[in-house]
Amino acid sequence: FPVNADKGAAKEMFARDGEQLPLAVVLDKKGVILWRGPIKAALKILRDCESGKFDLKEQIRQEVFTDTVNDAIRNEKYDTALPMLKKEFKDNPRKLELLRVQIAILKKLNRIDEAFAALGEAQVLRPKSYRVFEMEYQLIGETKKVDRLPDFFERLKKNFAKSPGILLGFALSECKLPPEQ
């Protein structure tokens, strides 16, 4: 259902609270919702269904996890949400949004050292993900913890020695800073 053109009945039936439209919904032959989410992810889900690789139990687990974490964040129960996010990211290190949410919560709670520790753990899990390093670089800038830069750049050079484009990207970011920084 990429477009909700039915005066809202389909949205009411299929969308969870706060879910963005357009929304893709995959139903089985009996009308059971197998999956719902962003349209860009629907093709992979359909392929998994066709090939028999679709895991309904895992999809249900992910929905329950998402609902539980979102509810905890909405109710400002951050100490409930943080361990859940940390575990889920450890189990699924390719899902960087889990890490981004952790860092956002830790920043909101002014637990900056924990945010840096979480990013360090993420870099161990995903040493070749420049996005994780990018998050740390942004956190260093936001918190003005420039004493962390030498160690950061050493780890960056070590991890991306064979990826000069990534190193140049960070170097250009440094060059764009105002002179006083």
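Structural data are supplied above this passage.
A. Region of interest: the overall build of the protein. Regarding its fold elements, the protein presents nine helices and two strands. Seen through its principal axes, the protein has C-alpha atoms that stretch 60 × 40 × 30 Å. Expressed as a percentage of its 181 residues, the buried residues of the protein come to 30%. Contacts in the protein between residues far apart in sequence, at least 24 positions, make up 36% of those at least 6 positions apart. When the accessible surface of the protein is summed, it comes to about 12,300 Å², and 56% of that surface belongs to carbon and sulfur atoms. In the protein, which carries 34 positive and 28 negative side-chain charges, the distance between the mean positions of the two groups comes to 4 Å.

B. How the structure looks around the pattern of salt bridges. Summed over all chains, the structure comprises 15 salt bridges. Within this structure, E58, R61 and E88 form a network of salt bridges that share partners.

C. Focus on the environment of K86. Residue position: K86 is located in helix α4 (residues 78–91). Note on K86: relative accessible area 43%, which makes it partly exposed. For the pair K86 and L98, spaced 12 residues apart in sequence, the C-alpha to C-alpha distance is 7.6 Å. Apart from the residues within four sequence positions on either side, K86 is in contact with Q102 and E121.

Parameters at a glance
- Residues numbered from 1 in each chain as written.
- Predicted model: local features only at pLDDT ≥ 70, side-chain atom pairs only at ≥ 80, totals over all residues.
- Heavy atoms only, no water.
- Helix = DSSP H or I, 4+ residues; strand = E, 2+ residues; numbered from the N terminus.
- Buried < 20%, exposed > 50% of the residue type's maximum accessible area, 1.4 Å probe, protein only.
- Contact = heavy atoms within 4.5 Å.
- Areas by Shrake-Rupley, 256 points an atom, 1.4 Å probe, with all protein chains shown as cover.
- Lys, Arg positive; Asp, Glu negative; His and termini not counted.
- Charge placed at Lys NZ, Arg CZ, Asp CG, Glu CD.
- Salt bridge = Lys/Arg side-chain N within 4 Å of Asp/Glu carboxyl O.

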